[in-house]
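Listed here are the chains, written in short residue letters.
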Amino acid sequence: MLGKLPMAVIGTGHFGLYHAKKIAASDTAELVGIADIDPERAAEVGSELGVAAFNDHRELLGRVKAASITVPTHAHFDIARDCLTAGIHVLVEKPISDSLSTADALIALARTKDLILQVGHLVRFSGVAQALQRHVSQPLYIDSVRITPFSGRSTDVNVVLDLMIHDIDLVLSLVDSPILTIDAAGAPVFTDHEDICSARIKFANGCIATITASRISFKTERRMRIFQPSSYLSVNFDTQTMIIARKTDEEGGGATADIAEESYDEVDALEREIEDFIACVREGRRPLVGGEEGRRALEAALVATRELQAHADFVMAVNRSLDLKDPLKQSLKRQLGG
């Protein structure tokens, strides 16, 4: 492909504006236009970036070769389908869609049309996350924490589909084994959906991953610990650092730990993700996080969501049936959060 790749951004909310700015500044792509269902927002962003602005994404079809879709999750399928049908390569924000059937339909359509379908799992493009792929070989236990203060964004989905899915995707990329079971519990606090969740994933090879996500914390923390034979890794995604403890054998028996800390340059993960997408389109190569990877992360997230609902139903049923005159039942109710 000669010249810059003509691109569009569909959905120019908080994150979509970042996408639009990165594409507008790219040396390998040209931002041809943007679309947003809010007329004032579309006009504002179009004016700021000096590109055509539309209220209907279908007006961009035929004008561009690729599109970045950054709309609420429930609209992912319809817009991505329209773009792929029109022969437009798609970078869709995570999660790929809101159901496995629609995710499958997008994957099949992209394959039939021989188009790139990339899913915006941004964490994969950080320097420390890519280093993990080199250091992790046989994980036995993974502990992940992703917490952040309440922002009021992405409240149309629970914290699993909002935040935890990033770590689910990363864990799935590190553990080469099918999932056996997923247990999850959480609670809605500031929104109508669960704002905090803890999930436990058991893999067929025996690896266990415990993932905690919250969007109602007092601080931001993004960490992961990975334990494997003869080594332990502690990752801080905020500082882009990783501490590695490796077992070393001593003379005469016994062992000790050789500890080293590695730092990785701060990179613009969004810029790297978008440039990778553009390169995949131009070179015809497979993206780092394609539709299949996005689907696998979505499937695990949906199972966790079902577990959340089952836990909520259980707590509600117990609270309704407890006899408050019985001290033991009162104690049980308090333990269950009633």
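Located above this text is the structure these notes cover.
1. Here's the deal with the overall build of the protein chain
- Broken down by element type, the protein chain carries nine helices and 14 strands.
- Relative to the 2.2 N^0.38 estimate, which gives 20 Å for 338 residues, the radius of gyration of the protein chain is 22 Å and therefore close to what a compact globule would have.
- In terms of overall dimensions, the protein chain has a C-alpha envelope of 65 × 65 × 35 Å along the principal axes.
- Per-residue burial over the protein chain gives 48% buried out of 338 residues.
- Within the protein chain, residue pairs in contact and separated by at least 24 positions form 64% of the contacts whose partners lie at least 6 positions apart.
- Accessible area for the protein chain stands at about 16,200 Å²; split by element, carbon and sulfur atoms hold 51% of it.

2. Considerations on the pattern of salt bridges
- According to the stated counting rule, one finds 22 salt bridges in the structure shown.
- Lysine 21 serves as the salt-bridge partner of glutamate 48, at 3.5 Å between the closest nitrogen and oxygen. Of this pair, glutamate 48 sits in helix α2 (residues 39-49) while lysine 21 sits in helix α1 (residues 14-24), and the two are 27 residues apart along the sequence.
- The residue arginine 285 makes a salt bridge to aspartate 276 at a minimum N-O spacing of 3.1 Å.
- Look at aspartate 276 and you get buried, because its relative accessible area is 14%.
- Among the ionic contacts, a cluster of salt bridges with common partners joins Lys94, Asp162, Asp195 and Arg215.

3. Some details on the packing of aromatic side chains
- Under the counting rule described, the total for this entry stands at four aromatic pairs.
- Measuring from centroid to centroid gives 6.1 Å for tyrosine 141 and phenylalanine 227, while their planes differ by 40 degrees, and the two rings are tilted. Note that tyrosine 141 is positioned in strand β7 (residues 141-147) and phenylalanine 227 in strand β11 (residues 221-228), a separation of 86 residues in sequence.
- On the basis of an interplanar angle of 5 degrees and a centroid distance of 4.6 Å, the ring pair of phenylalanine 227 and tyrosine 232 is categorised as stacked.
- For phenylalanine 227, a relative accessible area of 27% gives the class partly exposed.
- Here tyrosine 232 falls in the partly exposed class, since its relative accessible area comes to 29%.
- Feature note: the residues Tyr141, Phe227 and Tyr232 constitute an aromatic cluster, connected by ring pairs.

4. Here's the deal with the sheet that holds strand β1 (residues 5-10)
- Taken together, the six strands give an open sheet; going across it, the order is β3-β2-β1-β4-β5-β6, and neighbouring strands pair in parallel fashion. Lying at the two open borders of the sheet, with one neighbouring strand each, are β3 (52-54) and β6 (117-120). Averaged over all neighbouring strand pairs, the angle between strand axes comes to 25 degrees, with direction disregarded.
- Bridge count between β1 and strand β2 (residues 29-35): six bridges; the pairing is parallel. Looking at β2, one finds that proline 6 is bridged to glutamate 30.
- The sheet strands contacting helix α7 (residues 269-283) are β1, β2, β4 (66-69), β5 (89-93) and β6, and the helix crosses β5 at an angle near 155 degrees.

The rules behind the values
Residues numbered from 1 in each chain as written. Predicted model: local features only at pLDDT ≥ 70, side-chain atom pairs only at ≥ 80, totals over all residues. Heavy atoms only, no water. Helix = DSSP H or I, 4+ residues; strand = E, 2+ residues; numbered from the N terminus. Rg over C-alpha atoms; globule rule 2.2 N^0.38 Å. Buried < 20%, exposed > 50% of the residue type's maximum accessible area, 1.4 Å probe, protein only. Contact = heavy atoms within 4.5 Å. Areas by Shrake-Rupley, 256 points an atom, 1.4 Å probe, with all protein chains shown as cover. Salt bridge = Lys/Arg side-chain N within 4 Å of Asp/Glu carboxyl O. Phe/Tyr/Trp six-rings, centres within 6.5 Å; stacked < 30°, edge-to-face > 60°. Pairing = 2+ DSSP bridges. Axes fitted to C-alpha atoms, helices over the stretch in contact; angles between N-to-C directions.

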